[in-house]
Amino acid sequence: MSLARSWGGRIEMATTWSVYSRRTRSSSIKPPGFSDSTAQSGGRTDEIPSVKAITRARSRRSSELKLSVENNDSRNATTTSILKAAQRTNPVKARKRGGVSGQDSVVDIEEVPASQSSYSFCKEDAASIRSCLLSWYDEHHRTLPWRQNLHSRHRQDVIDCRHDELRRPKDEVEEEDKEKGPGGQAGVDPKDLKGGQAVGKKETRNKSRRAISDEGPKSDRQDLSKILVTDDQRAYEVWVSEMMLQQTRVATVIEYYNRWMKKWPTVHHLAQATQEEVNTLWAGLGYYRRARFLLEGAKQIVKESNGFPRSLEELRDVPGIGSYTASAISSIAFQKPVPLVDGNVTRVLSRLRAIPDSPKLRTTVKLLWALAEELVDAKRPGDLNQSIMELGATVCTPTSPSCSSCPVSKYCRALSSSSKLVTDFPVKVAKVPRREEHVAVCVLEVLNNVTEDDNDEATVSKPDSYILLVQRPNQGLLAGLWEFPSVSLGAVPACGKELTAAMDRYLKESLDYDLVKKGSFSVQKRETVGTYIHLFSHIKMHMSVEWLLLCPSESSEWQRNFMNIREASVHYKWVQADTVGKLGLTTSVKKIHSMYVNHLKLRSQAEAPKPKRRKGRSGNGQ
């Protein structure tokens, strides 16, 4: 029995070792007396390993596994802390990957390398970078109409903009303000305005004014206190400027911003505007969805009657305000210590920390928000955020950075790198090619044959012709904007007959104009004007433009019915031909109208009778 028990135990151990050897076949752990041939045979051998050898092997393997788990736990804990910080700072919520309902899950650990912890700023470097950036910003920032920096050396420039008014007697200024009434100036207190009416006690919070810096002469602080605006007004100014600056150069925005603030100085004035008025002023600035969001947001803010939203959550509820814009308003207008990340900030931070990953990756975006939070200044969060953006716009430019003028160059890892250039950061992202689209466009002009009644006492000058404009759908590209009748032909180019047939179908289906049957009107002219290529961010649009001149019958009543399209499936309007160029239309529509005008000029020059040449005298001139 003892012998059987002994061999039975050794057989059981051999079987166990066979399973163990299959799990660790790639490992270098081999107990004494257990050869490679023994492992490959699955333990079926006469040379059965001893109990001590198997125990030692198990112990070594267990120690290795325990050490590996501890290392993984440590690495995952570091990565998780970074992600949690990014989750707190980045207002954009990560997509949920299951788990408990109502909780926002963090990115999977495998998606973020543990080495990202090396990108964080230490406390000493973060404090030094903040100090350098603010000092540089106070000294070198550009003077822009929407910018207000009380610590700046340009403080006198802000005072000079109202120098004459500050010099006038106080009684005279107060008397003029009374005459102006509500909305007389951009810095009016919101309590005086709400749809042109006085606002009740619910908006007393809008009385709070920006704190005046203790730096600078006392006279400067007193002068600045007269021109500072309320927090809500400042938020409105920041909101408008940030919306205009998206994908648009500062030099272009300045003129539009000044005209906007002159027409709608407060959010209450803007809420009373129409979409057409807003589009007219915005014309030429591009990305017209921004203008629609501004108007919709203003109406929502005024409707809620609680003043301008202040928290990030409330701001993001306003149409068109995302993570960046909400952080900009919160930090610049309300001095909330929140970070922001835009293209300039991405470039600066990517170079400071030499981040080798694409800035479009979700993990990189979270890392950038976490780094931006580490640099936020508790006392001057708005100025700090603007200083990073200003540095990226003027010094740390995409192609030719001026590293010798950078106030934080000594902290720049990209500059100190020996293997890469500064311009290698951030990593270039391959652009998605624009899709091709071909469009047929028709400048439809109708001659004016309406005659004046004999009973009219005053002779009223009538326009020679009208041009038809149609409104685009309220969703999609250039939503709600006016254009000439146009029809998309897809990605395949079309010839002349196909263009004509497509436009005929559109006029029949959308405007009930049957050019084939004609009826009571005649087609006077139908000529090709030319082609025009307009580039959108994601579309390369080829426009084939034609001019169609219609002449209705002599009946005045019929012409009125002809221009009043009862069965039209689109919104339309007739505009005097000589006033189209003065309307607030998009850049592409203005270009097409310019092509039409030039076509008419060339046509009139070609049809003009040539002067007859006078015959010269014959002879040799004697």
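Look a little higher up for the structure.
Residues numbered from 1 in each chain as written. Predicted model: local features only at pLDDT ≥ 70, side-chain atom pairs only at ≥ 80, totals over all residues. Heavy atoms only, no water.

S.K.: I tried to follow the overall build of the chain on my own but got confused; where do I start?
M.R.: On a plain count of helices and strands, the chain comes out with 22 helices and seven strands. Relative to its 622 residues, the chain shows a buried fraction of 43%. Within the chain, counting contacts between residues at least 6 apart in sequence, those at least 24 apart form 68% of the total. When the accessible surface of the chain is split by element, carbon and sulfur atoms take 50% of a total near 35,300 Å². (Helix = DSSP H or I, 4+ residues; strand = E, 2+ residues; numbered from the N terminus. Buried < 20%, exposed > 50% of the residue type's maximum accessible area, 1.4 Å probe, protein only. Contact = heavy atoms within 4.5 Å. Areas by Shrake-Rupley, 256 points an atom, 1.4 Å probe, with all protein chains shown as cover.)

S.K.: Teacher, can you tell me more about the environment of Val597 here?
M.R.: Relative to the elements of secondary structure, Val597 occurs in helix 22 (residues 587-607). For Val597 and Asp578, which are 19 residues apart along the polypeptide, the C-alpha to C-alpha distance reads 9.8 Å.

S.K.: Whenever I open this one, the nonpolar core confuses me. Can you help?
M.R.: A general feature of soluble globular proteins is that nonpolar side chains tend to end up buried together. Counting 105 residues, the largest nonpolar core has Tyr236, Trp239, Trp260 and Ile329 as its most contacted members. For this core, the two domains that each supply at least three residues are domain 1 (120-148 + 229-424) and domain 2 (435-450 + 463-607). When near neighbours in sequence (up to four residues on either side) are disregarded, Tyr236 contacts Trp260, Met261, Trp264, Pro265, Thr266, Val267, Leu270 and Phe308. Residues Val487, Leu499, Tyr513 and Leu550 belong to the second largest nonpolar core, which totals 20 residues. (Core = buried A, V, L, I, M, F, W, Y, C linked by side-chain atoms within 4.5 Å. Domains from an automatic or database assignment.)

S.K.: Would you take a moment to explain unusual backbone geometry for this structure?
M.R.: Trans peptide bonds make up the majority, and among non-glycine residues the majority have a negative phi. The omega torsion of the bond from Phe425 to Pro426 falls at -10°, within 30 degrees of zero and hence cis. Tracing the backbone through its elements, the reader meets Pro426 in the loop between helix 19 (413-416) and strand 1 (435-447). Although it is not a glycine, Gln247 sits at a positive phi angle of roughly 60°. Structurally, Gln247 can be placed in the loop between helix 9 (231-245) and helix 10 (250-263). You will see that Ala354, though not glycine, has its phi angle at about 50°, which is positive. Structurally, Ala354 is set in the loop between helix 16 (343-353) and helix 17 (362-375).

S.K.: Hey, could you run me through the layout of surface pockets in this one?
M.R.: In this approach, a probe sized like a water molecule rolls over the atoms, and the result shows the empty space that is left. A volume near 2,100 Å³ is recorded for the largest pocket. Forming the boundary of the largest pocket are 50 residues, of which Gln247, Asp342, Gly343, Asn344 and Arg347 lie nearest the centre. Classifying every residue of the lining of the largest pocket by side-chain character gives 24 nonpolar, 13 polar and 13 charged. (1 Å grid on protein atoms, 1.4 Å probe; cavity = no way out; pocket = protein on both sides within 12 Å on 5 of 7 lines; lining within 4 Å. Points joined across faces, edges and corners; volume = space filled by probe spheres on them. Nonpolar A, V, L, I, M, F, W, Y, C, P; charged D, E, K, R; others polar.)

S.K.: Explain the pairing of strand 2 (residues 465-471) to me, please; I cannot follow it from the model alone.
M.R.: Side-chain direction in a regular strand flips from residue to residue, so the side chains alternate between the two faces of the sheet. By the criterion of burial, strand 2 is predominantly enclosed, with six of the seven residues buried. Direction of pairing for strand 1 relative to strand 2: antiparallel, over a ladder of three bridges. Considered in strand 2, the bridge of Leu447 is made with Ser465. The pairing of strand 2 with strand 3 (residues 482-483) spans two bridges and is classified as antiparallel. Bridge pairing links Gln471 to Trp482 in strand 3. (Pairing = 2+ DSSP bridges.)

S.K.: What should I look at first to understand the pattern of salt bridges in this one?
M.R.: Enumeration according to the criterion identifies 15 salt bridges in this entry. Residue Arg472 is joined to Glu483 by a salt bridge in which the shortest nitrogen-to-oxygen separation is 3.2 Å. Of the two residues, Arg472 is situated in the loop between strand 2 and strand 3 and Glu483 in strand 3; the sequence distance between them amounts to 11 residues. In this structure Glu483 comes out as buried when scored by relative accessible area, which is 15%. (Salt bridge = Lys/Arg side-chain N within 4 Å of Asp/Glu carboxyl O.)

S.K.: How should the packing of helix 15 (residues 323-332) against helix 18 (residues 381-394) be read in this particular structure?
M.R.: Two quantities define a packed helix pair, namely the angle between the helix axes and the distance between the axes. Between helix 15 and helix 18, the shortest axis-to-axis distance is 7 Å and the interhelical angle comes to 130°. Judged by the angle between their axes, helix 15 and helix 18 are oblique. Between helix 15, through Tyr324, Ser331 and Ile332, and helix 18, the contact on the second element is made entirely by Pro381, Gly382, Asn385, Gln386 and Met389. Split into classes, the residues belonging to the contact of helix 15 with helix 18 amount to four nonpolar, four polar and no charged. (Axes fitted to C-alpha atoms, helices over the stretch in contact; angles between N-to-C directions. Parallel < 35°, antiparallel > 145°, perpendicular 65-115°, else oblique.)

S.K.: Just checking my understanding: could you explain a negative patch on the surface for this structure?
M.R.: Together, Glu304, Glu313, Glu314 and Asp317 give the surface a local cluster of negative charge. When you line up the elements, Asp317 lands in the loop between helix 14 (312-316) and helix 15. Residue classification places Asp317 among the exposed residues on the basis of a relative accessible area of 57%. (Patch = residues over 30% accessible without salt bridge, like charges linked within 9 Å, V, L, I, M, F, W, Y side chains within 5 Å. Lys, Arg positive; Asp, Glu negative; His and termini not counted. Charge placed at Lys NZ, Arg CZ, Asp CG, Glu CD.)

S.K.: Can you walk me through the environment of His438 in this structure?
M.R.: If you trace the backbone, His438 turns up in strand 1. Along the backbone, His438 and Ser544 are 106 residues apart, and their C-alpha atoms lie at a distance of 7.7 Å. Residue contacts for His438: discarding those within four places in its chain leaves Val487, Ser488, Leu489, Gly490, Ala491, Val492, Pro493 and His542.

S.K.: What exactly am I supposed to notice about helix 13 (residues 289-304) here?
M.R.: An α-helical segment advances 3.6 residues per turn. Residues three or four places apart therefore align on the same side. The first and last C-alpha atoms of helix 13 sit 23 Å apart over 16 residues, in line with the 22 Å expected at 1.5 Å per residue. Every buried residue belonging to helix 13 is among Arg290, Ala291, Arg292, Phe293, Leu294, Leu295, Gly297, Ala298, Ile301 and Val302, and all of these are buried. Ser305 sits one or two positions beyond helix 13 and adopts a positive phi of about 60°. (Expected span 1.5 Å × (residues − 1).)

S.K.: In this structure, what is going on with the packing of aromatic side chains? I would like to understand it.
M.R.: What describes a pair of aromatic rings is the distance from one ring centre to the other and the angle between the planes of the rings. In the structure shown here, the tally under the stated rule is six aromatic pairs. Ring centres of Trp146 and Tyr257 lie 5.3 Å apart, and the angle between their planes is 75°; on these two criteria the pair is classed as edge-to-face. A residue pair is termed long-range when its members are at least 10 positions apart, and Trp146 in the loop between helix 4 (123-140) and helix 5 (155-160) and Tyr257 in helix 10 qualify at 111 residues. Side by side, Trp146 and Tyr257 carry an identical accessibility label, which is buried. By the ring-pair criterion, three or more aromatic residues cluster together here, those being Tyr236, Trp239 and Phe308. (Phe/Tyr/Trp six-rings, centres within 6.5 Å; stacked < 30°, edge-to-face > 60°.)

S.K.: Please clarify how helix 12 (residues 275-282) should be interpreted in this entry.
M.R.: Taken residue by residue, helix 12 has Val278, Asn279, Leu281 and Trp282 as its buried positions. The arc that holds every buried residue of helix 12, seen down its axis, measures 165°, which confines them to one face. Against the buried residues of helix 12 lie helix 9, helix 10, helix 11 (267-271) and helix 13. One or two positions beyond helix 12, positive phi appears at Gly284, with a value near 95°. (Arc of directions from axis to C-beta.)

S.K.: It is not clear to me how the side chain of Arg347 should be interpreted in this structure. Could you clarify?
M.R.: In this structure, Arg347 sits in helix 16. Of note is the side chain of Arg347, whose polar atom sits 2.8 Å from the backbone oxygen of Gly392. Apart from residues lying up to four places away in sequence, Arg347 is in contact with Gly392, Ala393, Cys396, Thr397, Pro398 and Pro426. (Polar contact = N/O pair within 3.5 Å; in protein donor to acceptor, adjacent residues only side chain to side chain.)

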